[in-house]
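Here's the letter readout for the chains.
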Amino acid sequence: MPSGMTVFFQAVLSGVLIGGIYALIGIGMSIIFGVMRIINFAHGDILMLGMYLSYYLFALAGIDPFVSVLIIIPIMFAFGALLQKVFINRMLDALPQNQLLLTIGLGLIMSNAMMLAFTSDYKILTTSYSSASVTLAGISISEPLAISFLITAGITALLYWFLTRTDTGQAIRATAQDAQAAQLMGINVKRMGMIAFGIGGALAATAGALISPTYYIYPQVGSAFTLKAFVITVMGGMGSVVGATIGGIIIGGTESVSSVCISSGWKDVVVFAVFLLVLLFKPAGLMGKSRM
Amino acid sequence: MGSRLSNIILLLTLAALFFFPRFVASPYAFHIMILLFLSTIVGTSWNIIGGYTGQYSIGHAAYFGTGAYVTMVLMKDKQIPPWLGVWAGVALVIIIALVIGSICFRLRGPYFVLASIAVAEIMRLSAMNLKELTNGAEGILATELPAFRIGGRVITDFVSKTPFYYISLVLAIVTIVVAFLVLHSKLGYCFQAIREDQDAAHALGINPTFYKNAALVISAIFTGIAGGFYAIYVGFVDPATVMSLDISVQIVLVCIIGGIGTIYGPLIGSILIVPITEALRSNLIAEAIFKTGMVSQESHFGSFLKENLAHAHALIYGILVVLVILFMPEGVVGFQRKLWSKWNKGLG
Amino acid sequence: MTKRTMALVAALCLVFIDIARADNVKIGFINSMTGSEAPVGENLTNGVTLALEDLAKAGIKVDLVKEDDTGKPQVSMSAMEKLATRDKVAGVVGPYTAACGNAIARVAEKYKVPLVVPVAAKDEITQQGLKWVFRPGAISYDYAEIVIEMATALDKPKTMAIINENTDFGISVARGAKAVAAKKGIQIVFEEAYYKGSPDYRATLSKIKATNPDLVFMVSYVADAILLMRQSREVGLRPKAFLGAGAGFSVAQFAQEQAISNYVFSSTQWTQDAKWPGAKDFGKRYEAKFGKQPTYHAAAAYEAMMIMAETAVKAGGDREKLREALRAGKWNGIWGEVKFADYDNFTNQNKHQMLVEQIQNGRHETVYPPQQAAKKPIYPFPGWK
């Protein structure tokens, strides 16, 4: 393959693999928005908590980050549900702008509490496979990213099954479609809100754990991911799981390809520009209206 | 509050502020006051578009940063004194505000918020990448200012902080006065109508696009001026310092905590936040604790305090914001008004 | 003793302690103690700690006032101002990063406080004719020169790719690298400044791989240094040598990531093998006390502190006298000979001998110049395992 093409395909592949992780973040935010109509500005900070959890589980107990996902999911589900119950629940009738500001405040508390506890030094988690790769047709595939992608695919499939085949899942979708009607049908809307936030939190933290072998960990790492999550959720359609999945992969790929074709400095500008275009011309997102 | 009483308090406060430099010599005290005034300026200007018109832009760093960069670049590259350069900054800021408005005002509520963030981030990243214009991530450093002359006589050469103190004080007063005039004018009336119900206002003949843009432009102008002032005061700008999301968030938070949509809200919010932030950041609070002798510097807890109290300021922001939004959504000013009216009712 | 007498004695003691304390010269120390630069900043803090121990042993008492600049220039400037005006220090040692060093140099000049900058490498810091700023450490050009010089001594490389961080340090060293390459007839086939904090360099590294350079020259602080090498391994980048320009590549944390750090060269201002008085002992002492090898930052901070404290005490804490003494003085310690001189367009700059180290088996080893080397350089890069 001519080298220009190799570089291009390399970029596309790396982008898609990272996109899987972005998708996980986006899905979590999408569910929260779908059910509660709240834009969770603290989403990236929950991801950051997941990163720290996986770091310390690895450093203190030797648990591999990918395995630690099994521990992180229930813990952070509880955390998310707790956040909703204690804070967000009180704000259900407030102005959406105020709800957003509340989540900003919560995010600030999370990231700065971590900074106080662990200082803002960068932490690096190195596993035996952190830099391992497999080469196929001149293109190298990062092992940790590939494994993350598979895990993400698995979780997404599970989530899809949950939302379409279980009673609770369908109740969540009903609430997302029309909260009042759902309530009339006997669904406990408040409880759905808690579950949605729990799922969102668990997914964000899982994404954090999946990235941790390949990135660096510090308290302020969340905000960049929150911004990406917005872009993905809006692109995919607020509230659409499938949309967020596709959106995540598209954003990952776009970022990577812009990095190659333009320069790494401009890649985020491209992402935000795409975001604005979608907001302006197709605000309901690629998948259309709230449909999980 | 009785109108006379409040006017007397106002005059006394103003007098105290003007004579402050006579009695206080500590550059540190000046620094805190200057930051306080700066925070008041940006908060009050944000309020015009956020509090009165109901459009919560979390992208005001775009205007702050533009004002800062233009002033700095003109001073460093073209030797244009900042008191002239800042107007070029204002001109650019107006254009940018109109462009941003035309993109973002098509969106409502939280979508507008997200768009404002995206635009500000695009500007920050552009500032980082357009090296020939802005020197990129390295930033621009300029610690020497030209002396300010009127008719050949040097009024100040900006070596001490006193001129900066007075400039920022006057700017803060002007911004508050403008906000007051706007609020009580037809403009202000239309702004608030849009905030309450944009469609109803439209039906009544108020053109939302025109008024929203007007609010944004007024807001942007003062934010840009504040940015220009900040640049020459600190002597260093880079995209992370003057164009970041952090700045945009801080601006909004000061208003929320103080009282959104009120004249004095941003001022109160600044008074609450700025001194505490600075005192924490510069370890003044830690030093005070050590002086009381309750905790020794060498002890475990003592060194923990010393290392970490400085970083607690943003945590305190966060806690304040959460508390205010949950329990005092109208901010401290709104809360105080409620208390006052309850007290009055109790008396009457 | 009655209560009153005890109180009197206590008061007298306090007075004496106060007088005694008032006698101690105050020195300020600005460093990146937290934030992204903290892992390296720690070396400066530790170096200063060892210096204070040695100073105390020699009977030189100073009060250290520490300030954390979190790696941000504007915080560094605030810290400098506070030290100059509130704490009224005689002089300041620090900071760490080039950006912070550049920012506070002018503040030091404005407040007329002697500033000794241990390692910040941006050329401009001592190119502005500032009378109050002194730098024992090397300039950024030197970082590039020594390691490329070594490469040309070992082989005849024809092409080089440059990837550097988009910061003061990164950009000034990259500039130096281009100038040196031009002198030596090496063609630059790729050049990119990445902006700090992006986790993904795969695209850039793939582009570099496609140009097949003989040398890859990198300028990064520690977190990115690790990611860059990890991802270089991942995409299979295999030049004849990886040349790092100090900073992140000199840190023990980097060396420990053996799978990706082995065989990487890094220019450095100091190693324990350097034939300077006390260098080896300093290294041993540092490792015994802090559990890891010191970087050149530690040695620089140590020497900067020694110079500053000794001279400040001799000058009785007077800033002008201190400045004159720094200008006139000559030192020869673990940092080699130090003399602040004016040459070319530099002011108060010390001409410092650079070295090159290479990571072999997870440890930094001095490999160049031959007179200072402890081990032979391993060249070319044997490939990824």
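Residues numbered from 1 in each chain as written. Chains lettered and ligands numbered in written order. Predicted model: local features only at pLDDT ≥ 70, side-chain atom pairs only at ≥ 80, totals over all residues. Heavy atoms only, no water.

### Brief notes about the layout of surface pockets
All names here are of chain B.
Piece 1. What the second largest pocket holds in volume is close to 1,200 Å³.
Piece 2. Lining of the second largest pocket is provided by 30 residues; of these, S6, L10, I263, Y264 and L267 occupy positions nearest its centre.
Piece 3. Counting only elements with at least two residues in the lining of the second largest pocket, the list comes to α1 (3–23), α2 (27–52), α7 (162–183), α13 (265–281) and α17 (331–347).
Piece 4. Per-element tally for the lining of the second largest pocket: the top contributor is α7, with 7 residues. (1 Å grid on protein atoms, 1.4 Å probe; cavity = no way out; pocket = protein on both sides within 12 Å on 5 of 7 lines; lining within 4 Å. Points joined across faces, edges and corners; volume = space filled by probe spheres on them. Helix = DSSP H or I, 4+ residues; strand = E, 2+ residues; numbered from the N terminus.)

### What to know about unusual backbone geometry
All names here are of chain C.
Piece 1. Y368 connects to P369 through a cis peptide bond whose omega is -5 degrees.
Piece 2. Mapped onto the elements, P369 comes out in the segment after β16 (363–368).
Piece 3. With an omega of 0 degrees, the peptide bond between Y379 and P380 qualifies as cis.
Piece 4. Of note, P380 is situated in the segment after β16.
Piece 5. In this structure, D344 is a non-glycine residue whose phi angle is positive, near 45 degrees.
Piece 6. Judged by its relative accessible area of 75%, D344 is exposed. (Buried < 20%, exposed > 50% of the residue type's maximum accessible area, 1.4 Å probe, protein only.)

### Brief notes about the environment of F158 of chain B
Residues and elements named next belong to chain B.
Piece 1. Summarising the element assignment, F158 is placed in the loop between β3 (153–156) and α7.
Piece 2. When its relative accessible area of 8% is taken as the criterion, F158 is described as buried.
Piece 3. Beyond its immediate sequence surroundings of up to four residues, F158 is in contact with W83, L145, P146, F148, P163, F164 and I167. (Contact = heavy atoms within 4.5 Å.)

### A short note on the interface of chain B and chain C
Piece 1. Facing the 23 residues of chain B at the interface are 22 residues of chain C.
Piece 2. Taking both sides of the interface into account, the surface hidden between chain B and chain C amounts to around 1,900 Å²; carbon and sulfur atoms contribute 56%.
Piece 3. The largest contributions to the chain B side of the interface with chain C come from E138, L141 and T143 of chain B, which together make up 27% of the buried area.
Piece 4. Along the contact surface separating chain B from chain C lie 2 salt bridges.
Piece 5. The salt bridge partner of E81 of chain C is K161 of chain B, with a shortest N-O separation of 3.0 Å. (Buried area = accessible area lost by both parts, 1.4 Å probe. Salt bridge = Lys/Arg side-chain N within 4 Å of Asp/Glu carboxyl O.)

### Considerations on the side chain of T66 of chain B
Piece 1. Residue placement: T66 of chain B occurs in helix α3 (residues 61–78).
Piece 2. Non-local contacts of T66 of chain B, meaning those with residues more than four positions away in its chain, are made with A61, L92, V93, I96, M123 and M243 of chain B.

### Some words on the pairing of strand β9 (residues 241–244) of chain C
All names here are of chain C.
Piece 1. Taking every second residue as pointing to the same face, both faces of β9 are buried, with A241 and L243 on one and F242 and G244 on the other.
Piece 2. Relative to β9, strand β8 (residues 215–219) runs parallel, the two being bridged by 4 bridges. Looking at β9, one finds that M218 is bridged to G244.
Piece 3. Following the chain from β8 across helix α8 (residues 222–235) to the adjacent parallel β9, one finds a crossover that is right-handed.
Piece 4. As paired elements, β9 and strand β10 (residues 265–268) share 2 bridges and run parallel to each other. Counterpart to L243 in the pairing with β10 is F265. (Pairing = 2+ DSSP bridges. Right-handed = clockwise from strand over helix to strand, strands pointing away.)

### Details of the environment of V90 of chain B
Residue and element names in this part refer to chain B.
Piece 1. Looking at the secondary structure, you find V90 in helix α4 (residues 82–104).
Piece 2. Residue V90 is classed as buried on the basis of its relative accessible area, which comes to 7%.
Piece 3. Each C-alpha atom of the pair V90 and T143 lies 22 Å from the other, and the pair is 53 residues apart in sequence.

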